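Remarks on the overall topology
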Amino acid sequence: MQRISGGFGFPLGVVLGIAATALVVATGATGQPVLSVIAMVTVVNVIALISTWRAALATAVVCWFLHDGFVLGRHGDLALVGQAGHDALVIGFDALGVLLLVSTFRAAFAPMLHLREGDSSAPRLPVQRQPVFTQSQRPTTGS
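We now turn to the structure provided with this report.

With that settled, the discussion passes to a nonpolar patch on the surface. Together, Val 61, Phe 65, Leu 78 and Leu 80 make up an exposed nonpolar region whose accessible area comes to about 400 Å². As for its placement among the helices and strands, Leu 80 is situated in the loop between α3 (53-72) and α4 (82-109). Its relative accessible area of 68% is what places Leu 80 among the exposed residues.

To continue, consider the packing of helix α2 (residues 33-50) against α4. Running from N to C, α2 and α4 point in directions that differ by 25 degrees, and their axes come no closer than 9 Å. Between α2 and α4, the angle is such that the two are roughly parallel. Here the hand of the crossing between α2 and α4 comes out right-handed. Along its contact with α2, which presents Val 37, Met 40, Val 41, Val 44, Asn 45, Ala 48, Leu 49 and Ile 50, the element α4 presents Asp 87, Val 90, Ile 91, Asp 94, Ala 95, Val 98, Leu 99, Val 102 and Arg 106.

What follows deals with the packing of helix α1 (residues 6-26) against α3. Closest axis-to-axis distance for the α1/α3 pair is 9 Å, and the angle between their directions is 25 degrees. On the basis of the axis angle, α1 is roughly parallel to α3. The element α1 and its partner α3 pack so that their crossing is right-handed. When α1 is examined against α3, the residues Gly 6, Gly 9, Phe 10, Gly 13, Val 14, Gly 17, Ile 18, Thr 21, Val 24 and Val 25 are found in contact with a partner set consisting of Ala 55, Ala 58, Thr 59, Val 62, Cys 63, Leu 66, Phe 70 and Val 71.

Core analysis: the biggest nonpolar cluster contains 16 residues, and Ala 20, Val 24, Met 40, Val 44, Ala 60, Cys 63 and Ile 91 have the highest contact counts within it. Where this core is concerned, the elements lending two or more residues are α1, α2, α3 and α4. It is α2 that provides the largest number of residues to this core, a total of six residues. Ignoring sequence-local partners within four residues, the contact set of Ala 60 consists of Val 44, Ile 91 and Ala 95. One finds Ala 56, Val 98, Leu 99 and Val 102 within the second-largest nonpolar core, a separate group that totals seven residues.

The next point concerns α2. For α2, spanning 18 residues, the distance from its first C-alpha to its last is 26 Å, which sits close to the expected 26 Å at 1.5 Å a residue. Residues of α2 that are buried sit in contact with α1, α3 and α4.

Calculation notes
- Residues numbered from 1 in each chain as written.
- Predicted model: local features only at pLDDT ≥ 70, side-chain atom pairs only at ≥ 80, totals over all residues.
- Heavy atoms only, no water.
- Patch = residues over 30% accessible without salt bridge, like charges linked within 9 Å, V, L, I, M, F, W, Y side chains within 5 Å.
- Areas by Shrake-Rupley, 256 points an atom, 1.4 Å probe, with all protein chains shown as cover.
- Salt bridge = Lys/Arg side-chain N within 4 Å of Asp/Glu carboxyl O.
- Helix = DSSP H or I, 4+ residues; strand = E, 2+ residues; numbered from the N terminus.
- Buried < 20%, exposed > 50% of the residue type's maximum accessible area, 1.4 Å probe, protein only.
- Axes fitted to C-alpha atoms, helices over the stretch in contact; angles between N-to-C directions.
- Parallel < 35°, antiparallel > 145°, perpendicular 65-115°, else oblique.
- Left-handed = near helix turned anticlockwise from the far one by under 90°.
- Contact = heavy atoms within 4.5 Å.
- Core = buried A, V, L, I, M, F, W, Y, C linked by side-chain atoms within 4.5 Å.
- Expected span 1.5 Å × (residues − 1).

Shown next, in the form of C-alpha cells:
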C-alpha cells in the first residue's frame, strides 16, 4: 500500500480527530471518557497505517489535546487531572506500538531489491554525472 505524505497525513489526522471528538461529545459520551480514548486511538492507528510516523505521532498529540480539552474538560479548557495523564500514556503508547508494528509489517512485506535486480521498474540510484569543462574552465594542476 502506498503511504501518503506527512504533509497530508497530519491534517487528515487532525480532521479525523476533530470529527471523532465531535461525535463523542454529540452522543453524550463525556461521562464515559474511555469511549473517547478508543476513538482517538483508532484515529492514531489509521494515520499510522496510511501515513508517516511523524504524522502519526503529531496526530496522537493533537488527539490527546482534543480528548483532554473537550471530553475531560469543557469548551477547550485543558483538565490536567490524573485521568488526563493516564489517557495521554494510553494514546502515546498506542502510537508507539502501532508504529513499531506497522514498520515491522512494511519491512517484512517490502520487495527485496536484490531480487528485482533485472526489473526495469525497480528503484535505482542514478549514475553520478561527471562535470564537463570548456577549455577556459579546465582546472589547473600545479604551477
